[in-house]
Amino acid sequence: MYSSISGDSVNALAPAWLTVGYEAPIVVVDKKYYTYSDKDYSITNSPINQQDMQVLSEVSGLLKQFKGFNHFTDLNEMVSKLEDKIYTQNTHSPPVIDFEKNDNLKGLEWIEVIRKAIVAKKTMCITYQSFKAREASTFCFSGYLLKEYRNRWFVLGRSHKRNAPLLTLALDHIQTVEEHNDDYRENKDIDLATYYNDVLGVTKSPGQRDCEVIF
């Protein structure tokens, strides 16, 4: 973090930043800039304070009421993760559940941007570079579904190029996402609720048939 602002404003802001619960090591440089004295410091790596823990506990208690209901089976893992986080924070103990994770995962910042575009049925202008391409390309894209597979995220949708097939884009290969005024193209080809029922992975053609695999 490094930003510029007037000297008087810096002196007024810095104490306020230190009182919001993060206790960030902010210092003023030449009465012109504020930065962290510890170059490796990040607010996002700060421990959760007691007030936040109380909120998390209340949320966990609310979500646990839905465990066991068939319509909310996807909540089970979320509740377990949340409870494990609360346990480790309160007891200062190591976690007791080791969930799959990828600390080097890129592209997570696009999840909420793409989700909102799908819900609002807005066209996106995406700059994307696949692992095969020498350089990135930019195109209009209508998104239909966000998909997680082996801790990586993908978005299923259609490019606005003529006769373009369904595309599955890896979020970690997306460079930019912007809203575009091109008309959104509705999904009229597939049932998203069942599209991946017989698929291992994330790539499938709409007319592709399933097959039996024997190990």
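Above this text is the structure in question.
Notes on the structure follow. As the structure is a computational prediction, the values presented were derived from the model and not from experiment.

The subject of this paragraph is the environment of Thr 138. With respect to the helices and strands, Thr 138 occurs in strand β5 (residues 137–149). Linking Thr 138 and Thr 176, residues 38 residues apart in sequence, is a C-alpha distance of 8.9 Å. Leave out the neighbours within four places in its chain, and Thr 138 touches Cys 125, Ile 126 and Thr 127. Reaching out from Thr 138, the side chain makes a polar contact with the side chain of Thr 127 at a distance of 2.9 Å.

This paragraph deals with unusual backbone geometry. Notably, Lys 121 is not glycine yet its phi reads approximately 55 degrees, a positive angle. Relative to the assigned elements, Lys 121 resides in the loop between α4 (110–120) and β4 (123–128).

So, on to the packing of aromatic side chains. Within the structure shown, the criterion is met by 3 aromatic pairs. With centroids separated by 6.3 Å and ring planes inclined at 85 degrees, the aromatic side chains of Tyr 144 and Tyr 184 adopt a geometry described as edge-to-face. Here Tyr 144 is found in strand β5, whereas its partner Tyr 184 is found in the segment after β8 (174–180), with 40 residues between them in sequence. Exposure remark for Tyr 144: the relative accessible area of 7% places this residue in the buried category. Relative accessible area serves as the criterion here: at 17%, Tyr 184 is assigned to the buried category. Taking 5.1 Å as the distance between ring centres and 80 degrees as the angle between the ring planes, the aromatic pair formed by Tyr 195 and Tyr 196 counts as edge-to-face. Neither residue differs from the other here; Tyr 195 and Tyr 196 are each classed as buried. The ring of Tyr 196 has Lys 147 lying over it, and the distance from NZ or CZ to the ring centre is 4.7 Å.

This next bit is on the sheet that holds strand β7 (residues 166–170). Sheet architecture is open: 5 strands sit in the order β7-β6-β5-β4-β8, paired in antiparallel fashion. Looking at strand neighbours, the two that pair on one side only are β7 and β8, the edges of this open sheet. When the angles between neighbouring strand axes are averaged without regard to direction, this sheet yields 45 degrees. Contacting β4, β5, β6 (152–159) and β8, α4 runs over the sheet at an angle of about 100 degrees to β5.

Before going further, it helps to examine helix α2 (residues 50–64). Spanning 15 residues, α2 covers 21 Å between terminal C-alpha atoms, matching the ideal 21 Å at 1.5 Å per step. Looking at α2, one finds that the buried residues are Met 53, Ser 60 and Leu 63. Considered in projection along α2, the buried side chains sweep an arc of 85 degrees and stay on one side of the axis. For α2, exposure combined with an orientation more than 90 degrees from the buried face picks out Gln 51 and Glu 58. Looking at the packing, one finds that the buried side of α2 touches α3 (75–91).

Thresholds applied
- Position labels on residues start from 1 in each chain and follow its written sequence.
- Totals for whole chains, interfaces and linings use all residues, but because this is a predicted model, local features are given only for residues with pLDDT of at least 70 and pairs of side-chain atoms are given and counted only at 80 or more.
- The basis for the side-chain values is all heavy atoms of the structure; hydrogens and waters are excluded.
- Numbering goes from the N terminus for both helices and strands, where a helix is a DSSP run of H or I of at least four residues and a strand is a run of E of at least two.
- Contacts: residue pairs with any heavy atoms within 4.5 Å of one another.
- Whenever a nitrogen or oxygen atom comes within 3.5 Å of another N or O atom, the pair is scored as a polar contact, on the condition that within protein one atom can donate a hydrogen and the other can accept it, and that pairs from neighbouring residues in sequence are kept only if both atoms are in side chains.
- Here the aromatic set is Phe, Tyr and Trp, taking the six-membered ring for Trp, and pairing holds for ring centres within 6.5 Å; pairs whose planes are under 30 degrees apart are stacked, those over 60 apart are edge-to-face, and all others are tilted.
- Think of it in three bands: with a 1.4 Å probe and only protein chains considered, a residue is buried below 20% of the maximum accessible area for its type, exposed above 50%, and partly exposed in between.
- Only lysine NZ and arginine CZ atoms are considered, and such an atom sits over a ring when it is within 6 Å of the ring centre and within 35 degrees of the ring normal.
- A pair of strands is treated as paired once DSSP finds two or more bridges between them.
- Geometry is summarised by axes, namely lines fitted to C-alpha atoms with helices restricted to the contacting stretch, and by angles between N-to-C directions that run from 0 to 180 degrees.
- Working rule for helices: expected span equals 1.5 Å times residues minus one.
- Directions are taken from the helix axis to each C-beta atom, and the arc is the one they span.

Structural measurements only, silent on function.
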